[in-house]
Amino acid sequence: MHLMITTMAARWIIYSLLLLLRFYGSYYNSLSGYIHPDEFFQGGQELFFGCQQRQQPDSKTAAFDDVELSRRREAEHKHPVSHKYVVHNIPWEYEPKNAIRSIVPPAFMTLLPLRVYSVLRSITSSGDNRMDCTSSVDNDVLMKQLSGVEILIIPRLFMTLLSLIFLDGCLWILVNSTTQPAKDTTTNNGQSSSNIRVGPPIEVIVLASSWPMLVMTTRPFTNTLEAMVISLLLLIVAMDHHQSSISNKNDKNKISNQCKTPLLIGMICSIGLFVRFTFAFFALPIVLLFLFNRWHTADNRWRNIGWNLLSLALSFLTTSLLFVTTDWYYYHYHSPGRDADVTICNNWSCYRDAFVATVSEYVVPWNAFRYNSKAANLAEHGLHPRITHMLVNMPMMFGPLTLVGYFSCIKTRRKKYASSFAETCFGRVLCQSTIISGLLVLSCAPHQEPRFILPCIVPLVVLYGRNVVGMDNLQTNPKKRVILTTTWVLFNSILYIFFGWLHQGGLVQSLLHLPPPVNPNERSPETVIYYKTYMPPTFLTRGRSQEENMEKGSTCIANDERRRVVSGEGDILLACDNQIIIDLQGREAEELPDVLHERLPCDQRNEESLLLVTSVPVMISLAEKKWTEYKFLSVHGHRTHVSTEDWPFFNDSFKSFFDQMELVTYHISCTAEV
């Protein structure tokens with residue numbers, strides 16, 4: 001009894017610390033790592049709050065009037081080289097001509113928590129009447145007051161809370177309700193106990209200690225939402241099987257379960273499909289096993305399966321219609337890149353006719369599938385060998401879990417599956433088929449990124465979570481348990497530090513702390529060039545100078561490729577998002593001088609300046625070139641920055657190596673000679 005209490009207390013302490021670590025990671029200054037641009041550009045933060053709007057050069061857009069469009073075209077003509085590198089806040093996936101992403105997931109991950117937060121903030125500080133720069137949500141006064149830091153943190157906190165509910169929570173219920181109690185391997189006297197029910201299950205602690213949970217699930221990735229929906233679907237189907245084995249003795253429960261579960265599964269499948277079309281590859285075997293279980297346990301099998309299919313289809317189609325209607329309305333009437341000549345409807349019949357005529361263009365899962373099925377399209381994002389997921393991404397994401405899983409597949413014995421529909425066997429088949437199906441189909445595509453397989457995490461932990469830390473019934477050697485647990489902790493600690501802190505770790509901080517001009521009498525830099533970094537999200541520049549501007553009662557307009565603030569006194573002040581942000585990505589070094597000459601010509605006296613943000617190893621390479629026209633002054637640096645494309649140089653000194661892990665902001669101006 002004393003041992004059970006001690007075990008329960010230890011598990012609760014460990015799990016509580018892991019939860020605190022996860023919530024701590026949602027704060028921008030704690031985990032500064034930048035995993036992938038899709039975190040910002042598909043999560044909705046840049047889409048709804050970005051500072052640099054994209055325009056259609058060939059036709060007038062609804063986002064700008066004729067004067068503003070003329071100014072933007074003039075800027076494009078003036079800067080033909082650098083204009084194509086200007087960061088825009090409308091990702092190409094959300095342009096009406098492409099429409100391969102549903103607007104609902106980013107609105108859910110970003111707009112919903114920010115609207116709730118802004119309302120709560122207005123209630124607690126009703127006397128604060130500050131106004132921020134306009135953006136894609138410029139009709140909402142409360143949303144205008146949000147700064148870049150708030151837009152960064154609030155969705156992260158929301159996603160962290162969702163991960164606790166739909167990943168930890170679903171796994172907890174799944175393990176406690178649908179698996180047979182295991183023999184307690186922690187006792188020294190060989191006594192049996194239902195140790196899985198003592199505090200948080202081992203599987204939940206393993207999940208909470210994995211680096212994808214501590215880093216990736218705290219960010220607004222659609223992959224995280226996809227993993228949550230898969231986890232929920234697994235739980236519902238497993239619970240349905242569990243209930244069907246019990247309800248054979250209770251007809252009332254059986255009838256109730258027969259009616260509700262197919263409707264719920266159909267709705268969840270529709271949601272998952274519109275989150276990411278790849279959801280179908282993971283969910284297909286789950287749905288098939290659900291239908292087979294219903295067919296297997298029914299008295300009138302064909303009639304039962306017919307009603308289940310009909311209920312599932314009706315629920316799926318109804319939910320999908322809601323998604324399609326919402327996406328159509330956004331792309332047709334509210335997208336910043338829409339055609340200005342679209343008919344504005346004032347009655348139901350007009351909306352109906354427009355919907356029927358154009359709805360097929362905005363079925364986003366189908367559009368996404370068509371786009372990703374063409375190798376030429378995927379080549380623009382990078383091509384990988386088809387074994388990348390299995391040999392590289394799986395070990396990178398899940399480490400020892402992957403190795404234990406591969407080894408288990410080789411060593412699996414038939415006698416473990418003698419009872420084909422035993423409780424534990426059904427759960428194992430359910431999880432294994434989910435992993436195999438998703439992994440095999442995703443491996444058919446030549447573009448393979450680690451986050452694509454994030455939905456595998458819960459099925460993997462269900463199958464091998466206890467094995468990876470030596471807590472399974474077969475492992476009785478205490479030393480091996482210590483070795484396995486230590487290996488798991490070390491692997492996740494290393495990846496947590498790398499992706500959580502080091503990987504592109506200075507980029508977010510550099511945007512939040514763009515420095516003021518070196519000379520107070522000099523004009524503020526109008527252009528910020530990011531070179532050999534990930535794409536910089538412009539929404540992070542919001543609110544940096546709003547205190548100064550809003551004291552003058554200013555309002556915001558768009559002007560000359562950037563947002564300016566026009567005060568009541570008529571003075572034009574640079575707003576919080578004043579800079580033009582240019583992303584040169586990994587272009588060759590020869591293109592950088594062309595952009596500098598275009599944005600900062602020194603052939604005549606020029607007192608303007610600009611900012612260059614790049615890593616120390618890149619600057620060391622650039623220093624080998626002669627820059628007689630310009631002078632570079634380091635004004636700000638952000639430590640813990642590593643780019644896998646430009647590693648620091650090792651010159652027989654670890655201090656020099658670690659000193660190069662820095663992203664530096666350089667102030668560039670013309671030299672005295674003309």
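Residues numbered from 1 in each chain as written. Predicted model: local features only at pLDDT ≥ 70, side-chain atom pairs only at ≥ 80, totals over all residues. Heavy atoms only, no water.

**Regarding helix H8 (residues 202-209)**
Line of reasoning, step 1. Counting buried positions along H8 yields eight of eight residues, so the element is predominantly enclosed.
Line of reasoning, step 2. Taken together, the buried positions of H8 are occupied by Ile202, Glu203, Val204, Ile205, Val206, Leu207, Ala208 and Ser209. (Buried < 20%, exposed > 50% of the residue type's maximum accessible area, 1.4 Å probe, protein only. Helix = DSSP H or I, 4+ residues; strand = E, 2+ residues; numbered from the N terminus.)

**A few points about unusual backbone geometry**
Line of reasoning, step 1. We note that Ala99 has phi near 45°; this positive angle belongs to a residue other than glycine.
Line of reasoning, step 2. Structurally, Ala99 can be placed in the loop between helix H4 (66-78) and helix H5 (104-124).
Line of reasoning, step 3. Here the phi dihedral of Gln504 falls at roughly 50°; this positive angle occurs in a residue that is not glycine.
Line of reasoning, step 4. Examined against the element boundaries, Gln504 turns out to sit in the loop between helix H21 (478-502) and helix H22 (507-512).

**A short note on the sheet that holds strand S6 (residues 609-615)**
Line of reasoning, step 1. On the basis of which strands lie adjacent, the open sheet formed by five strands has the order S5-S1-S6-S8-S7 and mixed pairing. The open sheet has two free edges, formed respectively by strand S5 (580-585) and strand S7 (630-639), since each of these has just one partner strand. With direction set aside, neighbouring strand axes in the sheet form an average angle of 20°.
Line of reasoning, step 2. Sheet strands touched by helix H25 (residues 616-623): strand S1 (527-531), S6, S7 and strand S8 (662-670). Its angle to S6, the strand with the most contacts, is close to 115°. (Pairing = 2+ DSSP bridges. Axes fitted to C-alpha atoms, helices over the stretch in contact; angles between N-to-C directions. Contact = heavy atoms within 4.5 Å.)

**Let's talk about the side chain of Arg121**
Line of reasoning, step 1. Its location among the elements puts Arg121 in helix H5.
Line of reasoning, step 2. Its relative accessible area of 12% is what places Arg121 among the buried residues.

**Concerning the state of the cysteines**
Line of reasoning, step 1. Going through the model one piece at a time under the given rule, you end up with one disulfide.
Line of reasoning, step 2. Here Cys602 connects covalently by a disulfide to Cys670, the sulfurs 1.8 Å from one another. Residues Cys602 and Cys670 share a disulfide whose torsion about the S-S bond is about -80°; that sign makes it left-handed. Note that Cys602 is positioned in the loop between helix H24 (591-599) and S6 and Cys670 in strand S8, a separation of 68 residues in sequence. Each member of the pair Cys602 and Cys670 is classed as buried. (Disulfide = S-S within 2.5 Å.)

**Quick word on the nonpolar core**
Line of reasoning, step 1. Core analysis: the biggest nonpolar cluster contains 90 residues, and Trp211, Leu233, Ile265 and Phe398 have the highest contact counts within it.
Line of reasoning, step 2. The element best represented in this core is helix H10 (residues 222-247), accounting for 11 residues.
Line of reasoning, step 3. With sequence-adjacent residues up to four places away left out, Trp211 is seen in contact with Met216, Met396, Met397, Phe491, Asn492, Leu495, Tyr496 and Phe499.
Line of reasoning, step 4. Listed in part, the 44 residues of the second largest apolar core include Met143, Trp328, Tyr534 and Leu663. (Core = buried A, V, L, I, M, F, W, Y, C linked by side-chain atoms within 4.5 Å.)

**What to know about the pattern of salt bridges**
Line of reasoning, step 1. Taken as a whole and assessed by the stated rule, the structure comprises 12 salt bridges.
Line of reasoning, step 2. Between Arg156 and Glu39 there is a salt bridge, with its nearest N and O atoms 2.9 Å apart. Here Arg156, found in helix H7 (residues 148-178), pairs with Glu39, found in helix H2 (residues 38-41); they are 117 residues apart in sequence, far enough to count as distant.
Line of reasoning, step 3. For Glu39, a relative accessible area of 0% puts it in the buried group.
Line of reasoning, step 4. Between Arg121 and Glu150 there is a salt bridge, and its shortest N-O distance comes to 2.8 Å. Here Arg121, found in helix H5, pairs with Glu150, found in helix H7; they are 29 residues apart in sequence, far enough to count as distant.
Line of reasoning, step 5. When salt bridges with common partners are traced through the structure, they connect Asp38, Glu449 and Arg451 into a single cluster. (Salt bridge = Lys/Arg side-chain N within 4 Å of Asp/Glu carboxyl O.)

**A look at the pairing of S1**
Line of reasoning, step 1. Of all five residues making up S1, five are buried, and the element is well covered by its neighbours.
Line of reasoning, step 2. Neither face of S1 is exposed, since Thr527, Ile529 and Tyr531 on one face and Val528 and Tyr530 on the opposite face are all buried.
Line of reasoning, step 3. Pairing of S1 with S5 involves five bridges; the strand directions are parallel. Bridging from a neighbouring strand, Thr527 pairs with Ile580 of S5.
Line of reasoning, step 4. By the bridge criterion, three bridges tie S1 to S6 in an arrangement that is parallel. Across the sheet, residue Val528 finds its bridge partner in S6, namely Leu611.

**Notes on the environment of Ala107**
Line of reasoning, step 1. Tracing the chain through its elements places Ala107 in helix H5.
Line of reasoning, step 2. Spatially, the C-alpha atom of Ala107 lies 9.2 Å from that of Gln45, the residues being 62 residues apart in sequence.

**Describing the packing of helix H18 (residues 400-411) against helix H20 (residues 457-468)**
Line of reasoning, step 1. Between H18 and H20, the least distance of the axes is 9 Å, while the angle of their chain directions is 95°. In terms of their interaxial angle, H18 and H20 are classed as roughly perpendicular. On H20, the residues that touch Pro400, Leu401, Val404, Gly405, Ser408 and Cys409 of H18 are Leu460, Val461, Tyr464, Gly465, Asn467 and Val468.
Line of reasoning, step 2. Residues that form the contact of H18 with H20 fall into these classes: eight nonpolar, four polar and no charged. (Parallel < 35°, antiparallel > 145°, perpendicular 65-115°, else oblique. Nonpolar A, V, L, I, M, F, W, Y, C, P; charged D, E, K, R; others polar.)

**Considering H25**
For the α-helix, the turn length of 3.6 residues means that residues three or four positions removed from each other point alike.
Line of reasoning, step 1. Among all positions of H25, only Val616, Pro617, Val618, Met619 and Leu622 are buried.
Line of reasoning, step 2. Considering only its buried residues, H25 is in contact with S1, H24, S6, S7, helix H26 (654-659) and S8.

**Section: the packing of aromatic side chains**
Line of reasoning, step 1. Overall, the coordinates contain 22 aromatic pairs when judged by the stated rule.
Line of reasoning, step 2. The interplanar angle of 45° and the centroid separation of 5.7 Å between the aromatic rings of Trp12 and Trp172 together place this pair among those described as tilted. On the criterion of sequence distance, the pair formed by Trp12 in helix H1 (residues 2-25) and Trp172 in helix H7 is long-range, its members being 160 residues apart.
Line of reasoning, step 3. Under the relative-accessibility criterion, Trp172 is labelled partly exposed at 22%.
Line of reasoning, step 4. Chaining the aromatic ring pairs together yields one cluster made of Tyr34, Phe40, Tyr534 and Phe539. (Phe/Tyr/Trp six-rings, centres within 6.5 Å; stacked < 30°, edge-to-face > 60°.)

**Considerations on the pairing of S8**
Line of reasoning, step 1. A large share of S8 lies buried, amounting to nine of its nine residues.
Line of reasoning, step 2. The alternating pattern of S8 places Glu662, Val664, Tyr666, Ile668 and Cys670 and Leu663, Thr665, His667 and Ser669 on opposite faces, both of which are buried.
Line of reasoning, step 3. One ladder, built from seven bridges, connects S6 with S8; its direction is antiparallel. In the strand pairing of S8, Ser615 is matched with Leu663.
Line of reasoning, step 4. In this sheet, S8 lies alongside S7 in antiparallel orientation, the contact comprising nine bridges. Each residue of the ladder has a partner; that of Leu633, found in S8, is His667.

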